[in-house]
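# Inside the fold
The residues making up each chain are set out below.
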Amino acid sequence: MVDAKLPTVPAKQPAAAPKPAAQEEEKLEAPAVEGFKLFGTRAKELREIIDSLSSLSFLEVAQEADYAALLNVESRDIRRNPYLFSTIYLRPDAIEVVYTLIPGMSPRKRRIDVLRHVLNVLTLIAGAYQIDEKYLYQTLQSSLAGIVEFASSDYKDMFAKYDSSLRDKEEMRKRVESLEASNNRLSKELIESKAKDDELMLRVGQLEAYSDDALMVKIQDWLDVHRNEINVAEFAKQYGVVESRVEDVLNRMVMQGYLELRG
């Protein structure tokens with residue numbers, strides 16, 4: 001707590017002459033000013049009231065002749081001057097509340113936040129004022145109406161976003177299903193293409209290997225070395241041909257009389 005002069009909200013002044021661009025860039029857009037009053041009679045001394053607020057370390061307190069000003073600074077501008085703030089004036093016959101509203105801020109939510117702060121202060125100075133309940137109830141009723149309207153507005157915005165998200169989700173689901181179908185089709189085509197490729201490679205390998213006449217000569221040489229016996233699997237492996245082709249050539253050699261089968 002400090003006993004000092006507090007910044008007050010200046011009254012609106014006539015438009016001043018244009019300032020240089022460099023100075024205009026440094027200044028924030030001026031906040032709007034709003035407020036309300038709670039009428040009643042102060043029942044305690046100012047010093048006693050100020051002492052009861054000592055637990056609120058964020059408050060700056062200034063005492064004048066017949067009133068005290070409680071400043072709550074929530075944000076400052078680049079020159080460290082209060083920008084978003086509220087001031088509670090504890091006058092002999094009323095509690096006056098003045099607060100700023102910065103551009104882009106919801107007036108209803110701002111009033112609710114300030115009222116919460118005022119109620120917190122009133123709780124700490126309970127018994128310091130005999131407040132006219134009519135004005136208190138009117139202020140609360142107005143603020144509660146603002147809460148309902150603000151919450152309803154938020155709900156509508158949230159529902160609109162939710163509804164939009166559902167639509168986007170459904171579109172994404174359809175796209176995923178389409179991509180999965182395309183992926184499955186491509187996978188099937190890739191497998192079929194691989195099988196055809198393997199078959200073609202096999203046929204090319206067969207075409208690039210020995211001719212039937214050359215293979216007959218190789219078989220005859222094998223039989224001469226292995227006492228007229230042939231192991232089809234070993235022969236096919238050694239000369240890089242498939243076993244079925246070796247068998248085909250052997251059958252031709254038997255049918256053409258080059259070989260005779262043993263009983």
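Above this text is the structure in question.
Small disclaimer: the values here were computed from a predicted structure and weren't measured.

Reading the values: the criteria
Residues numbered from 1 in each chain as written. Predicted model: local features only at pLDDT ≥ 70, side-chain atom pairs only at ≥ 80, totals over all residues. Heavy atoms only, no water. Helix = DSSP H or I, 4+ residues; strand = E, 2+ residues; numbered from the N terminus. Contact = heavy atoms within 4.5 Å. Areas by Shrake-Rupley, 256 points an atom, 1.4 Å probe, with all protein chains shown as cover. Pairing = 2+ DSSP bridges. Axes fitted to C-alpha atoms, helices over the stretch in contact; angles between N-to-C directions. Buried < 20%, exposed > 50% of the residue type's maximum accessible area, 1.4 Å probe, protein only. Parallel < 35°, antiparallel > 145°, perpendicular 65-115°, else oblique. Left-handed = near helix turned anticlockwise from the far one by under 90°. Nonpolar A, V, L, I, M, F, W, Y, C, P; charged D, E, K, R; others polar. Core = buried A, V, L, I, M, F, W, Y, C linked by side-chain atoms within 4.5 Å.

This next bit is on the overall build of the protein chain. Assigned secondary structure in the protein chain consists of seven helices and six strands. In the protein chain, the succession of α and β elements from N to C terminus is α-β-α-β-β-β-β-α-β-α-α-α-α. Within the protein chain, counting contacts between residues at least 6 apart in sequence, those at least 24 apart form 62% of the total. About 18500 Å² of surface is accessible on the protein chain, with carbon and sulfur atoms providing 53% of the total.

For the rest of this paragraph, the subject is the sheet that holds strand 4 (residues 82-91). Backbone hydrogen bonds hold the strands of a sheet together, and the pairing may be parallel or antiparallel. Pairing in this open sheet of six strands is antiparallel, and the strands run 2-3-4-5-1-6 from one edge to the other. Unpaired on one side and paired on the other, strand 2 (60-63) and strand 6 (129-131) mark the two borders of the sheet. Strand-to-strand, the axes of this sheet are offset by a mean angle of 25 degrees, without reference to chain direction. Where strand 1 (residues 32-42) and strand 5 (residues 94-101) come together, eight bridges link them in antiparallel fashion. Within strand 5, the position partnered with Leu38 by the bridge is Ile95. Sheet contacts for helix 3 (residues 107-124): strand 1, strand 3 (68-76), strand 4, strand 5 and strand 6; angle to strand 5, the most-contacted strand, approximately 140 degrees.

What follows covers the pairing of strand 4. Counting buried positions along strand 4 yields eight of ten residues, so the element is predominantly enclosed. Across eight bridges, strand 3 lies against strand 4 in antiparallel orientation. Within strand 4, the residue paired with Ser75 across the bridge is Leu84. What sits between strand 3 and strand 4 in their antiparallel hairpin is a turn of five residues, with Arg80 showing a positive phi close to 70 degrees. Of the strand pairs in this sheet, strand 4 and strand 5 are connected by six bridges, and their pairing is antiparallel. Residue pairing for strand 5: Arg91 is matched across the bridge by Ala94.

Moving on to the packing of helix 5 (residues 212-225) against helix 6 (residues 232-239). Two numbers describe how helix 5 lies on helix 6: the axes approach to 12 Å, and their chain directions differ by 125 degrees. Relative to helix 6, the element helix 5 lies oblique. In terms of crossing hand, the pair formed by helix 5 and helix 6 is right-handed. In this structure, helix 5 uses Leu215, Lys218, Ile219 and Trp222 to contact helix 6, whose residues at the interface are Glu234, Phe235, Gln238 and Tyr239.

Where helix 6 meets helix 7 (residues 243-255), the axes come as close as 9 Å, and the angle between the chain directions of the two elements is 110 degrees. As summarised for this structure, helix 6 and helix 7 are arranged roughly perpendicular, according to the angle between their axes. Considering how the two elements wind past one another, helix 6 and helix 7 form a crossing that is right-handed. Contact residues: helix 6 offers Val232, Ala233, Phe235 and Ala236, while helix 7 offers Glu243, Val246, Glu247 and Leu250. For the contact of helix 6 with helix 7, the class distribution of residues is six nonpolar, no polar and two charged.

Attention now moves to the nonpolar core. Ranked by size, the top nonpolar core spans 25 residues in total, and within it Leu70, Ile88, Leu90, Ile95, Val97 and Ile125 carry the most contacts. Within the residue set of this core, elements represented by two or more residues are strand 1, helix 2 (46-52), strand 3, strand 4, strand 5 and helix 3. Of all hydrophobic cores here, the second largest spans 15 residues; its members include Ile219, Tyr239, Val241 and Val249.

Once that is clear, we can look at unusual backbone geometry. Here Arg227, not a glycine, exhibits a phi torsion of approximately 55 degrees, which is positive. Its location among the elements puts Arg227 in the loop between helix 5 and helix 6. A relative accessible area of 72% means that Arg227 is categorised as exposed. Phi is positive for Asn228, which is not a glycine, with a value near 60 degrees. Residue placement: Asn228 occurs in the loop between helix 5 and helix 6.

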